[in-house]
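Inside the fold
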Amino acid sequence: MIAEDLIMISVDDHVVEPPSLFDAHIPDRYRDRAPRVVRTGDGADVWTFNGATIPNIGLNAVAGRPKEEYGIEPTAFDEIRPGTHDIDERVKDMNAGGILASMNFPSFPGFSGRVFSAADDKDLALAVLRAYNDWHIDEWAGTHPGRIIPMALPVLWDAEECAREVRRVAAKGCHSITFTENPATLGYPSFHNEYWDPLWRAVCDENVVVSIHLGSSGRLSVTAPDAPIDVMITLQPMNICQAAADLLWSRVIKKFPGIRFALSEGGTGWIPYFLDRVDRTYDMHHLWTGQDFGGRLPSEVFREHFLTCFISDPVGVRLRHDIGIGNIAWECDYPHSDSSWPHAPEELAEVAAGVPDDELNKITHENAMRWYSFDPFAHRSREASTVGALRAEAAGHDVSVRSYDKGRFEKSVGIEMGRLSGQATA
């Protein structure tokens, strides 16, 4: 299959929230205390909420910028592509990149909404979180039906309230909730605690996938404060590997056999070794650890409950049958620094050369549609959904790489992990 004939749904992209996010959705009594954007003295646009300042980090919105401008400095809305925060421009960027549909993780609230959960006033926190979810579902996803897979933030501080929010957003057509890869690191009960059972029950009842993005525990894989940043970038998938092991061996899957998790931005090349390892661990140790999967291997159970995702993973594509064809989905990661937008179709076509069309279709869109109960073809025909058709629709839309740097910061090469860790907001 050539790039122009692909149909591509990305299960991991990101939205840089616009300043108007809460205008139409926050109750009046909380309006003065809702998150808002302010311009700092050095020209950066930052969010403020609950006494905290949360910058938009430049590395989170580098689409369309030359690589020499990548960095962690706080940025402003006029220094990033409009498609990062404007839904009409986002759809134009998606068309130009040949992407039919996209699921967008949050930015300033953190991948699991931990910025909101930190508020002492939990009534305020809940109002802000619900307003965010309504904006995401009704405006960000609702403006262009069939183009954005809706995703909701969780109520981390109250499992019962979280379950109610899952049911509320599911009634609005949202079948994905983002969640932390390790609640224990955020000060909440672990995956092994019955505390979360109301949430697990709700996602099973409502056919909602628990989407776990790497870094959503608020902790980076930091080996030493003075280690090069390249170490952390290399080790990022290890966070997701830990979450997969934690959940697979937990009581959750045994008690809630209908539950499903997505391991977002975790890559796939490590999965075959992981499955070999859990099967050997089970064989060698289950008689004394007490693990029981009902006569099945852990690898079989994994394939029933976990969706794995990749951007460009030649090893994972080659080992796709060891992973499970029904357990792999593609992601673009726009507008983050790992993304190959707007040339992702060409990259994938090269990586997947020789993969049969029926298998590639599962990876590029069919698995995403099935897992997230999402049907873009209810809104446009398959013929109008290919990379080639979408790009024709975007004819004239500028996707050229250009400088957005206004010279507010002196750029330097190299950064230690301790400095980045101190600025992490995921």
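The coordinates are above.
Let me sum up the structure you'll find in this document.

Some points on a negative patch on the surface
Side chains of Asp 5, Asp 357, Asp 358 and Glu 366 sit close together on the surface and give a patch of like negative charge. Positionally, Asp 358 belongs in helix 13 (residues 357-371).

A short note on the nonpolar core
Counting residues in hydrophobic clusters, the biggest one holds 89 residues, and the most contacted among them are Phe 22, Phe 116, Phe 179, Trp 200, Phe 261, Phe 302 and Trp 330. It is helix 3 (residues 122-140) that provides the largest number of residues to this core, a total of 10 residues. Ignoring sequence-local partners within four residues, the contact set of Trp 200 consists of Phe 179, Phe 191, Val 210, Val 252, Phe 256, Ile 259 and Phe 261. In this structure, Ile 9, Leu 100, Ala 368 and Trp 371 belong to the second largest nonpolar core, which totals 22 residues.

Here we look at helix 3
Between its first and last C-alpha, helix 3 extends 25 Å over 19 residues, near the 27 Å set by a 1.5 Å rise per residue. Taking burial as the measure, the 19 residues of helix 3 include 14 buried ones, the bulk of the element. With a side-chain oxygen lying 3.0 Å from the backbone nitrogen of Asp 123, the N-terminal cap of helix 3 falls on Asp 121.

Thoughts on the sheet that holds strand 5 (residues 101-105)
Strand order in the open sheet formed by three strands is 1-5-6, and the pairing between neighbours is parallel. In the strand order of this sheet, the two ends are held by strand 1 (9-14) and strand 6 (148-149), each with one partner. Note that strand 1 and strand 5 share four bridges and pair parallel. Looking at the pairing, Ile 9 lines up with Ala 101 of strand 5. The strands that helix 1 (residues 87-96) touches are strand 1, strand 5 and strand 6; relative to strand 5, the one it contacts most, it runs at about 130°.

Some words on the sheet that holds strand 7 (residues 176-179)
Spatially, 7-8-9-10-11 is the arrangement adopted by the five strands of the open sheet, whose pairing is parallel. Strand pairing shows two members of the sheet lacking a second neighbour, strand 7 and strand 11 (328-330), which therefore form its edges. Strand after strand, the sheet turns through a mean of 30° between neighbouring axes, direction not considered. The pairing of strand 9 (residues 261-264) with strand 10 (residues 306-310) spans three bridges and is parallel. Directly across from Ala 262, in strand 10, lies its bridge partner Leu 307. In this fold helix 6 (residues 229-248) packs onto strand 8 (209-213), strand 9 and strand 10, with an angle of close to 165° to the strand it touches most, strand 9.

Describing helix 9 (residues 298-305)
Restricting attention to buried positions, one finds in helix 9 the residues Pro 298, Ser 299, Val 301, Phe 302 and His 305. Down the axis of helix 9, the smallest arc covering the buried residues is 160°, so these residues share one side. Each element contacted by the buried residues of helix 9 is listed here: helix 6, helix 7 (252-255), strand 9, helix 8 (271-289), strand 10 and helix 13.

Some thoughts on the pairing of strand 3 (residues 45-49)
With five of five residues buried, strand 3 lies mostly within the body of the structure. Alternating positions in strand 3 separate into two faces, Asp 45, Trp 47 and Phe 49 on one and Val 46 and Thr 48 on the other, with burial throughout. Note: strand 2 (residues 36-39) against strand 3, four bridges, orientation antiparallel. What sits directly across from Arg 39, in strand 3, is Asp 45. Linkage of strand 2 to strand 3, two consecutive antiparallel strands, is achieved through a turn of five residues, within which Gly 43 is found at a positive phi near 95°.

As for the state of the cysteines
Each disulfide consists of a covalent bond between the sulfur atoms of two cysteine residues. Applying the stated criterion across every chain, the model contains zero disulfides. Not engaged in a disulfide, the cysteine Cys 162 finds its nearest cysteine sulfur in Cys 174; these two sulfurs lie 12 Å apart. On the basis of relative accessibility, which here comes to 0%, the residue Cys 162 falls in the buried class. For Cys 309, which is in no disulfide, the shortest distance to another cysteine sulfur is to Cys 332 and amounts to 13 Å. Judged by relative accessible area, Cys 309 falls into the buried class, the value being 1%.

Remarks on the side chain of Asp 134
Following the sequence through the fold, Asp 134 ends up in helix 3. Here Asp 134 falls in the buried class, since its relative accessible area comes to 15%. If we ignore the near neighbours within four places in the chain, the residues touching Asp 134 are His 25, Glu 139, Arg 168 and Lys 172.

Examining the side chain of Glu 181
Mapped onto the elements, Glu 181 comes out in the loop between strand 7 and helix 5 (197-205). Polar side-chain contacts of Glu 181 include one of 2.9 Å to the side chain of Ser 217. Once residues lying within four places of it in the same chain are set aside, the contact partners of Glu 181 are Phe 191, Ile 212, His 213, Leu 214, Gly 215, Ser 216, Ser 217, Arg 219, Asn 239, Ile 240 and Ala 243.

Parameters and conventions
- The numbering scheme is per chain: residues are counted from 1 as the chain's sequence reads.
- The predicted nature of this model means local features are confined to residues of pLDDT at least 70 and side-chain atom pairs, given and counted, to a pLDDT of 80 or more, with totals for whole chains, interfaces and linings taken over all residues.
- Computation of side-chain values covers all heavy atoms of the structure but excludes hydrogens and water.
- A patch is a set of surface residues, each over 30% in relative accessible area and not in a salt bridge, joined within 9 Å for like charges and within 5 Å for the nonpolar side chains Val, Leu, Ile, Met, Phe, Trp and Tyr.
- The protein chains shown are the only cover counted for residues, whose accessible areas, like all others here, come from Shrake-Rupley with a 1.4 Å probe.
- Basic side-chain nitrogens of Lys or Arg form a salt bridge, by our definition, when they fall within 4 Å of a carboxyl oxygen of Asp or Glu.
- In this tally, Asp and Glu contribute negative charge and Lys and Arg positive charge; neither His nor the terminal groups of the chain are included.
- Note on charges: their place is set at NZ of Lys, CZ of Arg, CG of Asp or CD of Glu.
- Labels follow the DSSP assignment, with helices taken as runs of H or I lasting at least four residues and strands as runs of E lasting at least two, numbered in each case from the N terminus.
- By nonpolar core we mean a set of buried residues, namely Ala, Val, Leu, Ile, Met, Phe, Trp, Tyr and Cys, connected to one another through side-chain atoms within 4.5 Å.
- Each residue is assigned to one of three classes by its accessible area relative to the maximum for its type, calculated with a 1.4 Å probe on protein chains only: buried under 20%, partly exposed between the two thresholds, exposed over 50%.
- It only takes one pair of heavy atoms within 4.5 Å for two residues to be counted as in contact.
- A helix's residues, less one, multiplied by 1.5 Å, set its expected span.
- What qualifies as a polar contact is a pair of N or O atoms within 3.5 Å, subject to a donor-acceptor requirement within protein and to the restriction that residues adjacent in sequence count only when both atoms come from side chains.
- We call two strands paired when DSSP finds no fewer than two bridges between them.
- Axes here refer to lines fitted to C-alpha atoms; in helices the fit is confined to the stretch in contact. Angles between the N-to-C directions go from 0 to 180 degrees.
- The directions from the helix axis to the C-beta atoms are what the arc is built from.
- By convention in this document, the label disulfide applies to cysteine sulfur atom pairs within 2.5 Å.

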